Amino acid sequence: RVCHGPDGRGNPAAAATLGVTPADLASIHTRLHTPGDHFWWITNGVRPTDGAGLAVCETPGAPLPGAPPVIRSELSMPAFGTRLPEAARWDLVHAVRFLGDVVAAERLGPVPAAEATVRAPALGLPEGRAALVAILPGGSGDARRAALERLAPTLSEAGVDVVLPQDPETADLYARLGGSGTGPVEFLVDAQGFVRARWRPGETPSWDDPERLVAFARATRGQAFPFSVGSGLSIFPAGSGRTGGS
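About the thresholds
- Residue numbers run consecutively from 1 along every chain, following the written order of its sequence.
- Per-residue local features are limited, in this predicted model, to residues with pLDDT of at least 70; the limit for side-chain atom pairs, both in listing and counting, is 80 or more; totals at the level of whole chains, interfaces and linings are taken over all residues.
- To obtain the side-chain values, all non-hydrogen atoms of the structure were included, while hydrogens and water were left out.
- By definition, pLDDT measures how confident the predictor is in each residue, and it falls between 0 and 100.
- The contact criterion used throughout is that any non-hydrogen atoms of two residues lie within 4.5 Å.
- Relative accessibility decides the category of a residue: with a 1.4 Å probe and only protein chains considered, values under 20% of the type maximum give buried, values over 50% give exposed, and everything between is partly exposed.
- We count a stretch as a helix when DSSP gives it H or I for four or more residues in a row; a strand needs E for two or more, and each element gets its number in order from the N terminus.
- Strand pairing follows a simple DSSP-based rule, namely that at least 2 bridges must link the two strands.
- Lines are fitted to the C-alpha atoms to define the axes, a helix being fitted only along its stretch in contact, and any angle between axes, read from their N-to-C directions, falls within 0 to 180 degrees.
- An angle below 35 degrees is read as roughly parallel, one above 145 as roughly antiparallel, one from 65 to 115 as roughly perpendicular, and any other as oblique.
- Handedness of a helix crossing follows the sense of rotation of the near helix relative to the far helix, less than a right angle counterclockwise being left-handed and clockwise being right-handed.

**Things to note about the confidence of the model for the protein chain**
Okay, step 1: Mean pLDDT over the protein chain stands at 74; residues scoring 70 or higher make up 66%.
Okay, step 2: Contacts of residues 50–64 to residues separated by more than four positions or lying in other chains number 44 contacts, the stretch itself having pLDDT below 50.
Okay, step 3: Between residues 67–73, whose pLDDT stays under 50, and residues either more than four places distant or in other chains, the model counts 21 contacts.

**Some details on the pairing of strand β7 (residues 194–199)**
Okay, step 1: The buried fraction of β7 is high, at 6 of 6 residues.
Okay, step 2: Here strand β3 (residues 118–119) runs beside β7; their pairing, made up of 2 bridges, is antiparallel. The residue of β7 that forms the bridge with R119 is F194.
Okay, step 3: Taken together, the 4 bridges between strand β6 (residues 185–189) and β7 define a ladder with antiparallel strand orientation. Residue pairing in the sheet places V189 in a bridge with V195 of β7.

**Digging into unusual backbone geometry**
Okay, step 1: Across the junction of T204 and P205, the peptide omega takes the value -5 degrees, indicating a cis bond.
Okay, step 2: Within the secondary structure layout, P205 lies in the loop between β7 and α6 (210–222).

**Describing the environment of L84**
Okay, step 1: Here L84 is to be found in the loop between β2 (71–72) and α3 (86–105).
Okay, step 2: Through-space distance from the C-alpha of L84 to that of I42 is 9.4 Å; in sequence the pair is 42 residues apart.

**Thoughts on the packing of helix α2 (residues 35–44) against α3**
Okay, step 1: As a packed pair, α2 and α3 sit with axes 9 Å apart at the nearest point and diverge in direction by 125 degrees. The orientation of α2 relative to α3 falls into the category oblique. You can see that α2 and α3 cross each other, and the crossing is right-handed. On α3, the residues that touch P35, H38, F39, I42 and T43 of α2 are E86, R89, W90, L92, V93 and R97.

Next comes the structure, spelled out in structure tokens:
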């Protein structure tokens, strides 16, 4: 939070004390690197380039045995291999990559995208099933919930399950993919675990049209997957309420 800010977009005010301007972790550059790249940098640090300053960082909590309380580094980002256990470093990798997914999701609309670029928070669906994920906060989505329940059997026959996440963390992750709005939002997730479309009530073309929604759902499930990355990248906690499907 001190270096990159609570939203990961960088904390310019920290540059004066840190000696380097923290990177915007939500920008496109994070999506150009593998999870292994991010894990290596978190573990070993990042060397300064083009005259960038050196980093001084004090992290909360006790360091691992033998590690100093304050990191004074010849790197533009200090190494955390001695500060954080391996599992915590992987948690950071997943968090950073999700920040990039939130930004990429801003380009999604009601019509399914041809390319798979936004990893979906995991839903625990059977292999080969796609999903329509609906976030319906409070009582604002009662009518929509009823409409989706009526559509669920038809969508299920097309290989698409209707999911209303019951786990608060999973619901929150999808709400974050929904952008800055706070009302209902829905997603079409393909069978490989990538979000292909996002819709809010009032957007066009509307998903209120059952035939159009079924067509979009079938298209999402049937789209060719353009590169070989499995759904194992959908690393966020499963936990959902599923309507229809097997």
